[in-house]
Each structure stands twice: as C-alpha cells, then as structure tokens.
Number of protein chains: 2
Amino acid sequence: MADEQDHRYLSLRDQSATIPLQHLRYAVVSAEYGSFRRAAEALLTQQSTLSRGIRELEESIGVIVFERSSGGVCATSAGRDFLRTARSILEQMDALVTYSQV
Amino acid sequence: MADEQDHRYLSLRDQSATIPLQHLRYAVVSAEYGSFRRAAEALLTQQSTLSRGIRELEESIGVIVFERSSGGVCATSAGRDFLRTARSILEQMDALVTYSQV
DNA sequence: AATCGTTACGTGATGCGTAACGATG
DNA sequence: CATCGTTACGCATCACGTAACGATT
C-alpha cells in the first residue's frame, strides 16, 4: 500500500492506456500559469480537482511533471517534454472538433 | 427536441470540447474491421457501448463517420479524414504513456 | 498569518452491460 | 431467418465539489 500504483487509466484491458484529455489540459494550462490555483480558475474548475488530476497523470506515466512549492509550480525537464506532446495532442483534438475534419 | 444536439463532450465551459480517446479508438478499430461487432470484440467491450460511443462522437463533430449497413460499416470520405487525425492522436497518446516522454 | 498545494469524504452524474428491438441481404 | 446495428433501462463506478489540513515564505 506504499508505492503501489493504482491503474486508474487502464480503461481497456492491455491495449494501450489513455490519459483523459482534460488532465492533459490541466497540465498544459498549469505550466502556462505556473500555478495550480490560477490554472483551475482559468479552466473553471476546482484546484482540488486539478491537483488530483495531475497527480493521477503523473502516477500513470511514472514521471513527475511539476515541481511543487508554496509559491506555485514549475515544470520539470521531463515535464517539458511531456507538455510538448500534450500540447500537440490537444491541438489536433481541437482541430478534430472544430473543423470536423482536417 | 428533434434535431437537437446534446453536448455530451463539453466538459469544460466553452474552451474547446474534447472527444474521449476511447471513442476515437472505437472509430479507428471499427474502420479497420469494417464492423462494429468485430471491433467491439477486439476491444473487449460491448457492441452497444461501441455503437453509442460512435454515435455520440458523430453528433459532437456533426459528421457522419460511418455508413451503416446490415453487412457492416464503411467509413465515409469525411470519416476517412477524421480517422487519419484520430490515429495520429492515439499514436501520440500511446507514446506519451509508453515512453513517459517523447 | 496568508497563500498555495494536498487530502478526505459524500454525492450526483454517467458510462457500461444486459436485454429487447429493427432492419437488411 | 440470420446477422448486424440500435435503443431502453438500471446499476455501479467515478469524477467532482465542499471542506479541513499542511507547509512555506
């Protein structure tokens, strides 16, 4: 019960886990603001929700994306790589929804 | 109540709707198999679940992705464009989860 | 002591499975 | 008439909001 990783994202059996896109957005916006609280405001949600979301995200990929402090958050170097792909995914998803087709 | 579109995917207020990645996978695999039933089998889920998922997906983007028939399904031309981006998104997500970083 | 992030807890929403139905070759 | 897709219904799960807590400057 210590370092156990609960597989929250394994919706399908063994064929590729997925991270909720909302969690990706949480991370991207948090990086932009350097703050969970600000990001939560911007996304019209609760900071507890955002905090949990990012925690789950980090557990699922086994990478710490943000360095926490009382002054806010800052992306780690591994986190920066993660965020680049996350942005790309979100952009493609936006295109998919907005234009119906690329 | 006729041609109303229920905004199932608008999880955030107005800042970009998202399509559950699972629904993207439903569509991609269905296209590969040419059949909802087969795709559901392959994805270890129910064909009713898959059918609903794709229906919701199509309503959310306002595009019919599949042509249904008693013999199975076939992607429309608009659907093919959609599926190309969907595959790309899923690939990037897999990379994100598998390698933790790109 | 004020601000920021974390955690606990209860509830409302919703996605899913079971099952019945419709349609088409 | 057999096979495939659709729809109805009920339930279990889970994500969220409220609220209390810990820590750092």
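You'll find chain A entered in an unreviewed UniProt entry as HTH lysR-type domain-containing protein, with Bradyrhizobium jicamae given as the organism. Under the UniProt heading Sequence similarities (unreviewed entry), the entry covering chain A gives this text: "Belongs to the LysR transcriptional regulatory family."

It is worth spelling out the UniProt feature "domain: HTH lysR-type" (unreviewed entry) in chain A at this point. In this structure's numbering, the residues bearing the UniProt feature "domain: HTH lysR-type" (unreviewed entry) are residues 19–76 of chain A. Segment residues 19–76 of chain A splits into 60% helix and 14% strand. End C-alpha atoms: 19 Å apart.

Looking now at the protein's contact with DNA strand C. The local shell around DNA strand C holds 19 residues, among which Phe36, Ser51 and Arg68 of chain A together with Thr49 and Ser70 of chain B are the closest. Across the atoms of DNA strand C situated within 4 Å of the protein, the share located in sugar and phosphate is 65%. Measuring from a sugar or linking oxygen of DNA strand C, one finds a backbone N or O atom of serine 70 of chain A at 3.2 Å. Separating a phosphate oxygen of DNA strand C from a side-chain N or O atom of threonine 45 of chain B is a distance of 3.2 Å. Per-element tally for the surface near DNA strand C: the top contributor is helix α3 (residues 47–61) of chain A, with 4 residues. Across the surface near DNA strand C, the residue classes break down as 2 nonpolar, 13 polar and 4 charged.

Residue and element names in this part refer to chain B. With 13 residues, helix α1 (residues 21–33) ought to run about 18 Å at 1.5 Å a step, and its terminal C-alpha atoms sit 18 Å apart, in line with that. Every buried residue of α1 is listed here: Leu21, His23, Leu24, Arg25, Tyr26, Ala27, Val28, Val29 and Ser30. Note on α1: the residue one or two positions beyond its end, glycine 34, has a positive phi of about 65°.

This part covers the environment of proline 20 of chain A. Relative to the helices and strands, proline 20 of chain A resides in the segment before α1 (21–33). Here proline 20 of chain A falls in the partly exposed class, since its relative accessible area comes to 32%.

On average, residues of chain A carry a pLDDT of 87, and 82% of them reach 70 or more. Every residue in residues 1–14 of chain A is under pLDDT 50, and counting partners more than four places away or in other chains gives 20 contacts.

What counts, and at which threshold
Every residue gets a number counted from 1 within its own chain, in the order that chain's sequence is written. A letter from A marks each chain and a number from 1 marks each ligand, given out in the order of writing. Local features in a predicted model are, by the rule used here, given only for residues with pLDDT of at least 70; side-chain atom pairs are given and counted only at 80 or more, and totals for whole chains, interfaces and linings are based on all residues. Note that water and hydrogens are dropped before the side-chain values are worked out from all heavy atoms of the structure. UniProt positions are given in the numbering used here, feature names are shortened, and annotations may be inferred rather than shown by experiment. By definition, any uninterrupted DSSP run of H or I lasting at least four residues is a helix, any uninterrupted run of E lasting at least two residues is a strand, and each is numbered from the N terminus. When we say a residue is near a molecule or strand, we mean one of its heavy atoms is within 4 Å of it. Pairs of N or O atoms within 3.5 Å make up the polar contacts considered here, provided that, within protein, one atom can donate a hydrogen while the other can accept it, and that residues adjacent in sequence are counted only when both atoms are side-chain atoms. Amino acids outside the nonpolar list (Ala, Val, Leu, Ile, Met, Phe, Trp, Tyr, Cys, Pro) and the charged list (Asp, Glu, Lys, Arg) are all regarded as polar, and Gly is one of them. A helix is expected to reach a length of 1.5 Å times the quantity of its residues less one. We call a residue buried when its accessible area falls under 20% of the maximum for its residue type, exposed when it is over 50%, and partly exposed in between, using a 1.4 Å probe and counting protein chains only. Confidence scores here are pLDDT values: one per residue, from the predictor, ranging 0 to 100. Throughout, a contact is declared for two residues whenever any of their heavy atoms are within 4.5 Å.

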